[in-house]
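Fold and contact review
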Amino acid sequence: MPERRVRPPASPRAVRKSMWRRVAPSAAASSALPPAPRTGPAAAEPAEQDSVVEAVLYRDGVRVSSPVSLADTYRELRDRPDGMAWIGLARPTEAEILSLAAEFDLHPLAVEDAMEAHQRPKLERYGETLFVVLRAARYLDAPEEVDFGELHVFVGPDFVITVRHGAAPDLSAVRRRMEDTPDLLRLGPEAVLYAILDAVVDGYAPVVEGVQNDIDEIETEVFRGDPEVSRRIYELSREMVEFQRATRPLVGMLHGLMAGFSKYGTDDELQRNLRDVADHVTHTSERVDGFRQALADILTVNATLVTQQQNAEMRALAEAGFEQNEEIKKISSWAAILFAPTLVGTVYGMNFTHMPEVHWVFGYPFAIGLMGVVCLTLYLVFKRRDWL
């Protein structure tokens, strides 16, 4: 945790040498970074602060001011060396982040990460400032999806800056909770960081419950043979990969914070609270790992069931084809048997003058007998071959 320091009133922060000012391009510095504070109406003001959700100054755990712009926040914080500023921004512009970097001496690498977003959860220490990246999550009931947000937190000796990319988490609720417990807020920026971590981790609980319900429904659909279940398993598996990336690094981050308790003199109450948050993160991470394994097992079972169903359908088609073949054999056999007398009768039905059989006394019995012999022979042949 950063050590709390008290600035002498006669040494405003803006006149210190800033690492960011040394590395930032001159054009960006001239357009975005505010100059050293001056008195009078001509004092420089940052650009329009549409991304500032709320900027509040606290003293001894009590809200003392709510500046309407970053410039007012800087000015009032300089006038209150024993105060703490909590600045919340949502999808800020580059100019706003550069203004904060110049005022609070934020490290260029942390500033770059805050601008680009899409970072994995991590904790970095730059001198007296902590830079924390968190991935918040919320469960959307209607589409049954997990929505992930990204939160960057700068924690210094007398300031907390939150840069939110996404709808989650609801930091206004965190601010209200802290203001309702001034004893905790009085502990300074470390307490605010704890509250933010606690809110992000608590936000995982509804997601875990929603995913558990989805997995239960998927299991039912798998054994019911729903053809769309494979797509749902795949989509949920991808969300669990993202969820795992959000929760697993938090375990190491919190253990890193706990390792610095004695070094930075963290308050005992904060130590207990952070240990509780670490326990919740560990539990959530284990649940997410279990979800991924369960989804992998369900996908395997679904593939097995689909294969069995396909085999059953192919077997049914084969049996139907076999039965059809048997019917065709019977029809073909009887057609051949009936064709024999038809052939004989056709021969004797021809109207030729010179046909000895026609004038033969035994011609008719002979023809009938020939038909019977041929039909019987064919019947015995087909019967022996199991065609009849």
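Let me sum up the structure you'll find in this document. As the structure is a computational prediction, the values presented were derived from the model and not from experiment.

Turning our attention to the overall build of the protein chain. Helix and strand content of the protein chain: 13 helices and seven strands. Going through the 388 residues of the protein chain one by one, you find that 41% of them count as buried. Across the protein chain, contacts joining residues at least 24 apart in sequence account for 67% of those joining residues at least 6 apart. Summed over its atoms, the accessible surface of the protein chain is roughly 21,000 Å², and 56% of this surface lies on carbon and sulfur atoms.

This next bit is on the packing of helix α9 (residues 204-224) against helix α10 (residues 229-259). One can describe the packing of α9 onto α10 by two numbers: an axis separation of 11 Å at closest approach and a directional angle of 155 degrees. Classified by the angle between their axes, α9 and α10 sit roughly antiparallel to one another. Here the hand of the crossing between α9 and α10 comes out left-handed. Residues Y204, V207, V208, V211, D214, I215, E217, I218, E221 and V222 of α9 form the contact with α10, whose own contacting residues are V229, R232, I233, L236, M240, F243, A246, T247 and L250. Here the contact of α9 with α10 is built from residues that sort into 14 nonpolar, one polar and four charged.

Quick look at the packing of helix α4 (residues 94-104) against helix α5 (residues 108-116) now. Packed helix pairs are specified by the crossing angle of their axes together with the interaxial distance, meaning the distance between the axes. Put simply, α4 and α5 touch, their axes get as near as 10 Å, and they point 160 degrees apart. With respect to α5, the axis of α4 lies roughly antiparallel. Crossing handedness for the pair α4 and α5: right-handed. Of the residues in α5, those in contact with E94, I97, L98 and A101 of α4 are V111, A114 and M115. Considered class by class, the residues forming the contact of α4 with α5 number six nonpolar, no polar and one charged.

What follows covers the pattern of salt bridges. Here the idea is simple: oppositely charged side chains can pair when their charged atoms come close. Under the definition given, this model contains 17 salt bridges. A salt bridge links R245 to E242, with the nearest nitrogen and oxygen atoms 3.2 Å apart. Of this pair, R245 and E242 are both found in helix α10, three residues apart, which corresponds to roughly one turn of the helix. Since its relative accessible area comes to 40%, R245 is described here as partly exposed. For E242, a relative accessible area of 26% translates into the label partly exposed. One network of salt bridges, in which partners are shared, links E54, R63, R175 and E179.

Time to look at the environment of F104. Locating F104 in the fold gives a position in helix α4. Residues F104 and G156 lie 52 residues apart in sequence; the distance between their C-alpha atoms is 8.2 Å.

Our next topic: the packing of aromatic side chains. Under the definition given, this model contains seven aromatic pairs. The interplanar angle of 70 degrees and the centroid separation of 5.4 Å between the aromatic rings of Y204 and F243 together place this pair among those described as edge-to-face. Within this pair, whereas Y204 is found in helix α9, its partner F243 is found in helix α10, the two being separated by 39 residues in sequence. Like F243, Y204 is buried. Plain terms: the ring middles of W334 and Y379 are 6.1 Å apart, the flat faces sit at 45 degrees to each other, and that makes the pair tilted. Of this pair, W334 sits in helix α12 (residues 268-348) while Y379 sits in helix α13 (residues 363-384), placing them 45 residues apart in sequence. Members of the aromatic cluster, each reached through a chain of ring pairs, are Y74, F104 and F159.

Here we come to the environment of K329. Position of K329 relative to the elements: it lies in helix α12. For K329 and D386, which are 57 residues apart along the polypeptide, the C-alpha to C-alpha distance reads 8.9 Å.

The α-helix winds at 3.6 residues per turn, so residues separated by three or four positions along the chain end up facing the same way. Residues of α5 that are buried: P108, A110, V111, D113 and A114. Where α5 ends, the next residue or the one after it, A117, has phi of about 60 degrees, a positive value.

Formed by 58 residues in total, the largest nonpolar core has its most connected members in L134, M178, I196 and F243. For this core, the element with the highest residue contribution is α10, accounting for 11 residues. Other than its neighbours up to four places away in sequence, I196 contacts L134, L151, V153, V160, T162, L171 and V174. V52, L77, A85 and V111 belong to the second-largest nonpolar core, a separate cluster that totals 24 residues.

Another aspect to go through is unusual backbone geometry. Residues other than glycine seldom take positive phi values, yet D60 does so here, at roughly 55 degrees. Within the element layout of this structure, D60 appears in the loop between β1 (52-59) and β2 (62-65). Its identity as a non-glycine residue notwithstanding, R91 has a phi of 45 degrees, on the positive side. Looking at the secondary structure, you find R91 in the loop between β3 (84-90) and α4.

Let's shift gears to the pairing of strand β6 (residues 145-155). The buried fraction of β6 amounts to nine of the 11 residues, a majority that puts the element mostly inside the structure. When strand β5 (residues 129-140) meets β6, the two strands line up antiparallel, connected through 11 bridges. Directly across from L140, in β6, lies its bridge partner E145. Between β5 and β6, which pair antiparallel and follow one another directly, the connecting turn spans four residues, one of which, E144, has a positive phi of 55 degrees. Here β6 hands over to strand β7 (residues 159-165) after three residues, the two strands then running antiparallel side by side.

Take a nonpolar patch on the surface next. On the surface, W360, V361, F362, F366 and L370 cluster together into a nonpolar patch covering about 540 Å² of accessible area. Looking at the secondary structure, you find F366 in helix α13. The class for F366 is partly exposed, based on a relative accessible area of 41%.

Parameters and conventions
- Residues numbered from 1 in each chain as written.
- Predicted model: local features only at pLDDT ≥ 70, side-chain atom pairs only at ≥ 80, totals over all residues.
- Heavy atoms only, no water.
- Helix = DSSP H or I, 4+ residues; strand = E, 2+ residues; numbered from the N terminus.
- Buried < 20%, exposed > 50% of the residue type's maximum accessible area, 1.4 Å probe, protein only.
- Contact = heavy atoms within 4.5 Å.
- Areas by Shrake-Rupley, 256 points an atom, 1.4 Å probe, with all protein chains shown as cover.
- Axes fitted to C-alpha atoms, helices over the stretch in contact; angles between N-to-C directions.
- Parallel < 35°, antiparallel > 145°, perpendicular 65-115°, else oblique.
- Left-handed = near helix turned anticlockwise from the far one by under 90°.
- Nonpolar A, V, L, I, M, F, W, Y, C, P; charged D, E, K, R; others polar.
- Salt bridge = Lys/Arg side-chain N within 4 Å of Asp/Glu carboxyl O.
- Phe/Tyr/Trp six-rings, centres within 6.5 Å; stacked < 30°, edge-to-face > 60°.
- Core = buried A, V, L, I, M, F, W, Y, C linked by side-chain atoms within 4.5 Å.
- Pairing = 2+ DSSP bridges.
- Patch = residues over 30% accessible without salt bridge, like charges linked within 9 Å, V, L, I, M, F, W, Y side chains within 5 Å.

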